[in-house]
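Read off the chains here:
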Amino acid sequence: MTLRCHSPRLAASLDAWRDEMTGLVFVADDKTGEGWSEVAAELTDAFHLAKQSLSNGLAVVFVVHSDDLLGRNGPGKAMVATGLLSAARTAALEHRKAGVAVNVVAREEATDPSLVARWCGFLMDGELPTGQLIHLGSEHIGKALP
Amino acid sequence: MTAVVTGAAGGIGRALCRRLGQAGHDVVAVDLSSRLEDAVAMLEREGFAIHLVEADLTTAAGVEAVAGAVRRSGGLQVLVNNAGITRDNRLVNLGEDDFKAVLDVNLGAAYQLTLTLVPMMGRASIINVSSRAYLGNFGQFNYSMSKGGLVGLTRALALQLAPAIRVNAVAPGLIATEMAMGIPDDVRTRMIAAIPADRMGEPEEVAELVAFLANDASSYITGEVIVIGGGRSLSR
């Protein structure tokens, strides 16, 4: 597994599942600021790592924050989260015939890191689902989709 | 009443300039293409107040050129971030230069220009021209990511700038522009067959939607993404 995660607590939980995962888990950085260079760097990192994983026929999971999908934490984090979601759907479309899954997990502030890790493991376990946004929480209910 | 339109030389851009001109705006038309002069001349002949700014919005100088034009105009009521390019390829074949070029123009330039112009706005409306590809589109990892990023930008700014400034996005599907006409005939025919409306959209239809979002008639709408794609988001 390739793990790109700057949160020590979440990284530790994901690492515990390392043997179960054979693709990329890319966790959007909570510390991305409002400068365009930071946003571009984060998205470029995701591009390189996703390309590498999918070129090797391995699944991809992007982990974002639910609040960021709704723009609640400012434009920098929002552009990263929604950019990753759109990119995941395109990559899923490109790799569905090959049976390689690309998905997005949206966590909330209170989401247990071990739950994120379990879902990442599950999403890498088989060919499907793909192109999905999995919300781990209920804050999104009644709000904008996708 | 000034309106800034980026990507003004393209098919949708020209329609935007004309429609916002019809609505009574002084239009600042921004593009880096030499085609812009022809487009502006045509609109001026039609009697619209159009100010041409040739600028590369991925540079600080380009953004500043637009800001200067807005300062001279005395205030900004409408900003339409319409500039966009494509460099299509499957992700596994996509090079970094093509990835970055699309991201910088479609998302970075819109963001930088908006940050620069917001302090010049009072009660105003920002419309980001995203794309139906934000829902996912084969061979467009970079384009899809950039247009998806515009959705996040739209939502975040809508929250930050309310109530004075409304921020919305439109997401066009296949529109009859030079870009669409560059698609091979057989491919374009198949694409149209998958559109429930059984045709391409017209640039004027996108412009009409943008004009509505620019107008006080839509004053209760902010932070939304409106897809204008003939039902393509639903069909197989």
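Data block above holds the structure.
In short, a report on the structure. (Residues numbered from 1 in each chain as written. Chains lettered and ligands numbered in written order. Predicted model: local features only at pLDDT ≥ 70, side-chain atom pairs only at ≥ 80, totals over all residues.)

Below, the discussion takes up the overall build of chain A. Scanning chain A from terminus to terminus reveals five helices and five strands. Along chain A, from the amino end to the carboxyl end, the secondary structure elements read β-α-β-α-β-α-α-β-α-β. A compact globule built from 146 residues would reach a C-alpha radius of gyration of about 15 Å, and chain A, at 14 Å, matches this within 12%. If you line up chain A on its principal axes, its C-alpha atoms span 35 × 30 × 30 Å. (Helix = DSSP H or I, 4+ residues; strand = E, 2+ residues; numbered from the N terminus. Rg over C-alpha atoms; globule rule 2.2 N^0.38 Å.)

A few words on unusual backbone geometry. Residues and elements named next belong to chain B. Omega for the peptide link from Ala 162 to Pro 163 comes to 5°, which places this bond in the cis form. Mapped onto the fold, Pro 163 is located in the loop between helix 5 (141-161) and strand 6 (165-172). Despite not being glycine, Asp 198 has its phi angle at roughly 65°, a positive value. Its 10 C-beta neighbours within 10 Å are what place Asp 198 among the exposed residues. (Buried ≥ 20, exposed ≤ 12 C-beta atoms within 10 Å, placed from the backbone.)

This part takes up the interface of chain A and chain B. Taken together, the 29 residues of chain A in the interface contact 31 residues of chain B. Secondary structure elements with two or more residues in the side of chain A that touches chain B: helix 2 (36-55) and helix 4 (75-95) of chain A. The element best represented in the side of chain A that touches chain B is helix 4 of chain A, accounting for 15 residues. Per-class residue counts for the side of chain A that touches chain B are 16 nonpolar, nine polar and four charged. (Contact = placed C-beta atoms within 7 Å. Nonpolar A, V, L, I, M, F, W, Y, C, P; charged D, E, K, R; others polar.)

Over its 12 residues, helix 8 (residues 203-214) of chain B runs 16 Å from end to end, which matches the ideal 16 Å to within 8%, given 1.5 Å per residue. On the buried face of helix 8 of chain B, the contacting elements are strand 1 (2-6), helix 1 (11-22), strand 4 (76-81), strand 5 (121-129), strand 6 and strand 7 (225-228) of chain B. (Expected span 1.5 Å × (residues − 1).)

Residue and element names in this part refer to chain A. If you walk across this open sheet you meet the five strands as 1-2-3-4-5, and the pairing is parallel. The open sheet terminates on both sides in strands that have one partner only, identified here as strand 1 (2-4) and strand 5 (133-136). The average angle at which neighbouring strand axes cross in this sheet is 15°, direction not considered. With six bridges joining them, strand 3 (residues 60-65) and strand 4 (residues 102-107) adopt parallel strand pairing. Pairing of Phe 62 across the sheet is with Val 104, part of strand 4. Running at roughly 170° to strand 2 (residues 24-27), helix 2 makes contact with strand 1, strand 2 and strand 3 of the sheet. (Pairing = 2+ DSSP bridges. Axes fitted to C-alpha atoms, helices over the stretch in contact; angles between N-to-C directions.)

So, on to the nonpolar core. With 121 residues, the main nonpolar core has Phe 62, Leu 84 and Cys 120 of chain A together with Val 5, Ala 29 and Val 210 of chain B as its most contacted residues. Apart from the residues within four sequence positions on either side, Val 210 of chain B is in contact with Leu 16, Val 80, Ile 127 and Val 170 of chain B. (Core = buried A, V, L, I, M, F, W, Y, C linked by C-beta atoms within 7 Å.)

Here we take up the environment of Tyr 134 of chain B. Along the chain, Tyr 134 of chain B falls in the loop between strand 5 and helix 5. A count of 30 C-beta atoms within 10 Å places Tyr 134 of chain B in the buried class. In sequence terms Tyr 134 of chain B and Pro 172 of chain B are 38 residues apart; their C-alpha atoms lie 9.9 Å from each other. If we ignore the near neighbours within four places in the chain, the residues touching Tyr 134 of chain B are Ser 86 of chain A together with Ser 144, Lys 147, Gly 148, Val 151 and Ala 171 of chain B.

All names here are of chain A. The alternating pattern of strand 2 places Leu 24 and Phe 26 and Val 25 and Val 27 on opposite faces, both of which are buried. With three bridges connecting them, strand 1 and strand 2 associate as parallel partners. When the sheet's bridge partners are listed, Thr 2 is paired in strand 2 with Leu 24. Between the parallel elements strand 1 and strand 2, the chain passes through helix 1 (residues 8-15) in a crossover that is left-handed. Two elements, strand 2 and strand 3, share four bridges in a ladder whose sense is parallel. From the neighbouring strand, Phe 26 faces strand 3, where its bridge partner is Phe 62. Read from strand 2 through helix 2 to strand 3, the crossover connection turns out right-handed. (Right-handed = clockwise from strand over helix to strand, strands pointing away.)

A few words now on the pairing of strand 6 of chain B. Residue and element names in this part refer to chain B. Burial runs high along strand 6: eight of the eight residues are buried. Side chains of strand 6 alternate between two faces, with Ile 165, Val 167, Ala 169 and Ala 171 and Arg 166, Asn 168, Val 170 and Pro 172 buried alike. Inspection of the sheet shows strand 5 paired to strand 6 by six bridges, in the parallel sense. Paired with Ile 126 across the two strands is Val 167, which belongs to strand 6. The handedness of the strand 5 to strand 6 crossover, carried by helix 5, is right-handed. The pairing of strand 6 with strand 7 spans four bridges and is parallel. Within strand 7, the residue paired with Val 170 across the bridge is Ile 226.

All names here are of chain B. Pairing within the open sheet is parallel, and its seven strands lie in the order 3-2-1-4-5-6-7. Bordering the open sheet on either side are strand 3 (50-54) and strand 7, each of which pairs with just one other strand. The average angle at which neighbouring strand axes cross in this sheet is 20°, direction not considered. Where strand 1 meets strand 2 (residues 26-31), five bridges bridge the pair, whose relative direction is parallel.

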